[in-house]
Amino acid sequence: MEAVLTKAITKAIETQGADALLRCLRAEDVDLIFGYPGGAIMPVYDALYSYQESIRHVLTRHEQGAIHAAQGYARASGKVGVVMATSGPGATNLITGIADAMIDSTPLVCITGQVGSPLLGTDAFQETDIISISMPVTKWNFQVTRAAEIPEALAKAFFIAKNGRPGPVLIDITKDAQFEALSFSYNKCSSIRSYRPVPPIDMSCVESAARLINSAQKPLVLFGQGVILGHAEQAFKAFIEKTGIPAAWTLLGLSALPTDHPLNVGMLGMHGNYGPNKLTNECDVLIAVGMRFDDRVTGNLSKYAKQAKVIHLDIDPSEINKNVAVDVPVLGDCRESLVALTDKVKRNSHPVWLEAFRECDKIEMEKVIQPELYPNSKDLTMGEVIKEVNYFTKGEAILVTDVGQHQMVACRYTAFKKSNSNITSGGLGTMGFCLPAALGAKLGAPNREVIAVIGDGGFQMTLQELGTIFQTGAAVKIIILNNQFLGMVRQWQQLFFDKRYSSTELMNPDFIKIAEGFGIEGMVVEDRKDLSSSLKEMMEAPGSYLLDIRVGKEDNVFPMVPAGASVSEIRLA
């Protein structure tokens, strides 16, 4: 890649590679790094000692915690998350988070130390070829072996991470390059010859899309995280309000449109709402905005929306026709393409079609939602916990979830008024994501309440990050929905494997005592009468707080599209 470097911001000075790296970060307005030191990155950490007033370093308890925290920070703040680790196991411990960031389009710059360049390829202590390992799960990676390469490599890294469809990049720096002297100056990167981050809008495609929309009787919009990443919330709202088209969201698209908007018809996918799943196979025009037709949304592709003309708005050309054949592709920044499309469409409404969704809502309310939110059983349900959380947050909080039953329930029932309020692991489905991501989210949005909703299984994967929360003083509110099972796997075992509960029941420790060991207050909630008061105490606590809420052990999450089924074959029980 040939980069165009602009805006020289420092005069050339003589320094070492490690110091140059930190100067690059400051030039990119980085003031927070998550990381874990070690031998191969030690020169950078030594240089960091002199930058304590301008760069805050958060020492996590594991490198996976560091990268998930950087993800949460990036998602909540809208900035590029930065993470540092040493070579070998330090670098490989980042890989899960890098893969997660890649599939969920989260901008990260990952910096790893590496053994000295004379030792490369010798199986030296803590040497791992992180460039080859990370290549499939990064937008770009590069190994620095000379100090003089650091400024340009960092400039490219930030440009690639945040421009176009965001994603993670990795810069691996040998130890000798960190020590080596260079004449340092920094120029931000403004373009790269071989990289076109935003394809130009083809107005003929916009006009073709408008004609289909204007003639549609049963149009349906599917919107994903691209609306949030493109800062296109207002343009998207204007589009659906002018056309009167019902809109359904993907897991990562949640919060781009207020939950109570009259055209918001709910969540798509395996555990989404009844209406948008069932009626996908009845619409005549399907408009996808900033989403990638993930298999959890489409179900069986051979039975997916075959009756519909498909319009796909996306910034990434590789997503067009990847899973679903598209009749009209509209490439470009969705904020710009939505404005162009809104200008071409007619003002319309679809009351009869919208009423079909409302009828589905009534069925789902009776069969699923009412029993979940207002149960007759003795056991608390996950849904009623989230309903009570809504009472206290008023739709203003950031919700961070892990992966599993609690994730589906929390995303189904949490009310949102603000965009960029739902942070979860979508495409990779990484258990252990939530706790460190919630820490990062709180540091990225310190003025917003951050609620971490976690299953008891996922919590135990990264619970050591309670130590990081304690050390940083981040006021993260933590709710464990504790069913003493790996709940989603158990549900599948119940429904599809004749209740053979193989290796899914958990014998859990005393989570409150563990939290107390990290200086975090908490309480166990087992009785419905204690739910509201315990949540009130948590929300009013000045610092972090943990609730261990015991819910029904064998409750299931419905609706559900079984594996291999069509979205219209969605089950309510």
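Colleague: Before we move on, can you summarise the overall build of the protein with the specific residues and values?
Modeller: When helices and strands are counted, the protein shows 23 helices and 22 strands. Taken against the 2.2 N^0.38 rule, which gives 25 Å for 573 residues, the C-alpha radius of gyration of the protein at 24 Å falls within 12% of a compact globule. For the C-alpha atoms alone, the extent of the protein along its principal axes is close to 70 × 60 × 40 Å. Each of the 573 residues in the protein was classed as buried or not, and the buried ones make up 60%. If you sum the accessible surface of the protein, you get close to 22400 Å²; carbon and sulfur atoms cover 52% of it. With 54 positive and 63 negative side-chain charges, the protein shows a spacing of 5 Å between the two charge centroids.

Colleague: Now, about the sheet that holds strand 22 (residues 545–550): what can you tell me, with residues and values included?
Modeller: As summarised here, the arrangement of the six strands in space is 18-17-19-20-22-21, forming an open sheet in which the pairing is parallel. The two strands at the open ends of the sheet, each matched to only one other strand, are strand 18 (422–423) and strand 21 (521–525). Of the pairings in the sheet, the one linking strand 19 (residues 450–455) to strand 20 (residues 477–482) comprises five bridges and is parallel in character. In the strand pairing of strand 20, Ala-452 is matched with Ile-478. Its contacts with the sheet put helix 17 (residues 405–413) on strand 17 (398–401), strand 18, strand 19 and strand 20, and the angle it makes with strand 17 is roughly 160 degrees. Along the sheet, helix 23 (residues 531–540) makes contact with strand 19, strand 20, strand 21 and strand 22, crossing strand 22 at roughly 160 degrees.

Colleague: Before we move on, could you go through the nonpolar core and cite the residues and values that matter?
Modeller: In this structure, Phe-236, Leu-286, Ile-311 and Ile-549 are the most contacted members of the largest nonpolar core, which totals 101 residues. Of all the elements, helix 15 (residues 351–373) adds the most residues to this core, at seven residues. Residue-level mapping places this core at the junction of two domains, with at least three residues from each of domain 2 (203–357) and domain 3 (380–550). Residues Ile-423, Leu-439, Ile-478 and Ile-520 belong to the second largest nonpolar core, which totals 52 residues.

Colleague: Explain the domain arrangement of the protein to me, and be specific about the residues and the numbers.
Modeller: For the protein, the assigned domains read domain 1 (3–192), domain 2 (203–357) and domain 3 (380–550). The straight-line distance from the C-alpha centre of domain 1 to that of domain 2 is 37 Å. Facing the seven residues of domain 1 at the interface are seven residues of domain 2. Roughly 610 Å² is buried in total at the junction of domain 1 and domain 2, and carbon and sulfur atoms are behind 54% of that figure. At the surface where domain 1 touches domain 2, the tally comes to two salt bridges. A salt bridge links Arg-165 to Glu-319; the shortest N-O distance between them is 2.7 Å.

Colleague: Give a detailed account of the packing of helix 11 (residues 233–243) against helix 14 (residues 334–344), specifying residues and quantitative values.
Modeller: Their axes nearest at 9 Å, the elements helix 11 and helix 14 cross at an angle of 25 degrees. Comparing their axes, helix 14 and helix 11 come out roughly parallel. The element helix 11 and its partner helix 14 pack so that their crossing is left-handed. Counted together, Ala-235, Phe-236, Ala-238, Phe-239 and Lys-242 of helix 11 and Arg-335, Leu-338, Val-339, Leu-341, Thr-342 and Asp-343 of helix 14 form the full contact between these two elements.

Colleague: Talk me through the sheet that holds strand 13 (residues 264–267); I want residue IDs and the actual numbers.
Modeller: Taken in spatial order, the six strands line up as 13-12-11-14-15-16 in an open sheet, and their pairing is parallel. Pairing within the sheet leaves two strands with one partner each, and these edge strands are strand 13 and strand 16 (328–331). Taking each pair of neighbouring strands and ignoring which way they run, the sheet shows an average axis angle of 20 degrees.

Colleague: With reference to specific residues and values, describe the pairing of strand 3 (residues 32–35).
Modeller: Across the two faces of strand 3 the burial is the same, with Leu-32 and Phe-34 and Ile-33 and Gly-35 all buried. Where the polypeptide runs from strand 3 across helix 2 (residues 42–48) and back to strand 4 (residues 56–59), its parallel neighbour, the crossover connection is right-handed. Relative to strand 5 (residues 81–85), strand 3 runs parallel, the two sharing two bridges. Considered in strand 5, the bridge of Gly-35 is made with Met-84.

Colleague: Explain the pattern of salt bridges residue by residue, including any values.
Modeller: This model, assessed by the stated rule, comprises 22 salt bridges. Note that Glu-569 and Lys-303 form a salt bridge whose closest N and O atoms lie 3.9 Å from each other. Of this pair, Glu-569 sits in the segment after strand 22 while Lys-303 sits in the loop between helix 13 (295–298) and strand 15 (309–314); the two residues are 266 residues apart in sequence, bridging distant segments of the chain. Residue Asp-530 is joined to Lys-529 by a salt bridge in which the shortest nitrogen-to-oxygen separation is 3.3 Å. What makes Asp-530 partly exposed here is its relative accessible area of 29%. According to the relative accessible area criterion, Lys-529 is exposed, its value standing at 63%. When salt bridges that share partners are traced, they join Arg-165, Asp-316, Glu-319 and Lys-322 into one network.

Colleague: Help me get a handle on the packing of aromatic side chains, residues and values and all.
Modeller: For the structure shown, the criterion picks out 10 aromatic pairs. Plain terms: the ring middles of Trp-492 and Phe-496 are 5.3 Å apart, the flat faces sit at 65 degrees to each other, and that makes the pair edge-to-face. In this pair, Trp-492 and Phe-496 are both assigned in helix 21 (residues 487–496), four residues apart and thus about one turn of the helix distant. Judged by its relative accessible area of 32%, Phe-496 is partly exposed. The lysine or arginine in question, Lys-394, covers the ring of Tyr-391, its NZ or CZ lying 4.1 Å from the ring centre. Here Arg-490 stacks its cationic end above the ring of Phe-485, 5.8 Å away from the centre of that ring.

Colleague: Outline unusual backbone geometry, listing residues and values.
Modeller: The omega torsion across Phe-558 and Pro-559 is 0 degrees, close enough to zero to call that bond cis. Its location among the elements puts Pro-559 in the segment after strand 22. Look at Asn-321: it is not a glycine, yet its phi comes out positive at around 65 degrees. In this structure Asn-321 comes out as partly exposed when scored by relative accessible area, which is 47%. A positive phi is found at Ser-503, a non-glycine position, where the angle reads about 60 degrees. Within the secondary structure layout, Ser-503 lies in the loop between helix 21 and helix 22 (511–517).

Colleague: Give me the lowdown on helix 15, citing residues and values where you can.
Modeller: For helix 15, which comprises 23 residues, the first-to-last C-alpha distance of 28 Å sits more than 12% below the rise-based estimate of 33 Å (1.5 Å per residue). At Met-365, helix 15 shows its strongest bend, of approximately 55 degrees. Those residues of helix 15 that fall on the buried side of the exposure criterion are Trp-353, Leu-354, Phe-357, Cys-360, Glu-364, Val-368, Ile-369, Glu-372 and Leu-373. Contacts made by the buried residues of helix 15 are with strand 11 (219–223), strand 13, helix 12 (274–278), helix 16 (382–393) and helix 17.

Colleague: An account of helix 23 is needed here, citing residue identities and associated values.
Modeller: If you check which residues of helix 23 are buried, you get Leu-531, Ser-534, Leu-535, Met-538 and Met-539. Down the axis of helix 23, the buried side of the element spans an arc of 135 degrees, and every buried residue falls inside it. Where helix 23 is buried, its residues contact helix 16, strand 19, strand 20, strand 21 and strand 22.

Cut-offs applied
- Counting of residues starts from 1 at the beginning of each chain's written sequence and follows it residue by residue.
- Local features in this predicted model are restricted to residues of pLDDT 70 or higher, and side-chain atom pairs are both shown and tallied only at a pLDDT of 80 or more, whereas totals for entire chains, interfaces and linings draw on every residue.
- To get the side-chain values, all heavy atoms of the structure are used, and hydrogens and water are removed first.
- By the criteria applied, helices consist of DSSP H or I runs no shorter than four residues and strands consist of E runs no shorter than two, each listed in order from the N terminus.
- Throughout, the radius of gyration refers to the C-alpha atoms, and the reference size of a globule is 2.2 Å times the residue count to the power 0.38.
- Per-residue accessibility, obtained with a 1.4 Å probe over protein chains only, is compared with the maximum for each type, and a residue is labelled buried under 20%, exposed over 50%, and partly exposed between these values.
- Under the convention used here, a 1.4 Å probe and the Shrake-Rupley method define accessible areas, while residue burial counts only the protein chains that appear.
- Counting rule for charge: Lys and Arg are taken as positive, Asp and Glu as negative, and neither His nor the chain ends is counted.
- Charge positions are represented by NZ for Lys, CZ for Arg, CG for Asp and CD for Glu.
- Any two strands with at least two DSSP-identified bridges between them are counted as paired.
- Residues are treated as being in contact if the distance between any of their heavy atoms lies within 4.5 Å.
- Lines fitted to C-alpha atoms define the axes, with helix axes restricted to the stretch in contact, and inter-axis angles between N-to-C directions lie between 0 and 180 degrees.
- In this description, a nonpolar core means a group of buried Ala, Val, Leu, Ile, Met, Phe, Trp, Tyr and Cys residues linked to one another through side-chain atoms lying within 4.5 Å.
- Note: domain ranges come from an automatic or database domain assignment.
- The buried area of a pairing is the accessible area, by a 1.4 Å probe, that goes missing from both parts when the two are put together, added over both.
- Here, a salt bridge means any Lys or Arg side-chain nitrogen found within 4 Å of an Asp or Glu carboxyl oxygen.
- In these notes the angle categories are as follows: under 35 degrees is roughly parallel, over 145 is roughly antiparallel, 65 to 115 is roughly perpendicular, and the rest is oblique.
- The sense of a crossing depends on the near helix, which, turned anticlockwise from the far helix by less than a right angle, makes the crossing left-handed and, turned clockwise, makes it right-handed.
- A clockwise path from the first strand over the helix to the second, with the strands pointing away from the viewer, defines a right-handed crossover.
- Working definition: a ring pair exists when centres of Phe, Tyr or Trp rings (six-membered ring for Trp) sit within 6.5 Å. Plane angles under 30 degrees give stacked, over 60 give edge-to-face, the rest tilted.
- Two conditions define a charge located above a ring, namely a distance within 6 Å from the ring centre to NZ of Lys or CZ of Arg, and an angle within 35 degrees of the ring normal.
- Expected span, for any helix, means 1.5 Å times one less than how many residues it has.
- To get the bend at any residue, fit one axis to the seven residues that end at it and another to the seven that begin at it, then take the angle between the two axes.
- The arc in question is the one spanned by the directions pointing from the helix axis to the C-beta atoms.

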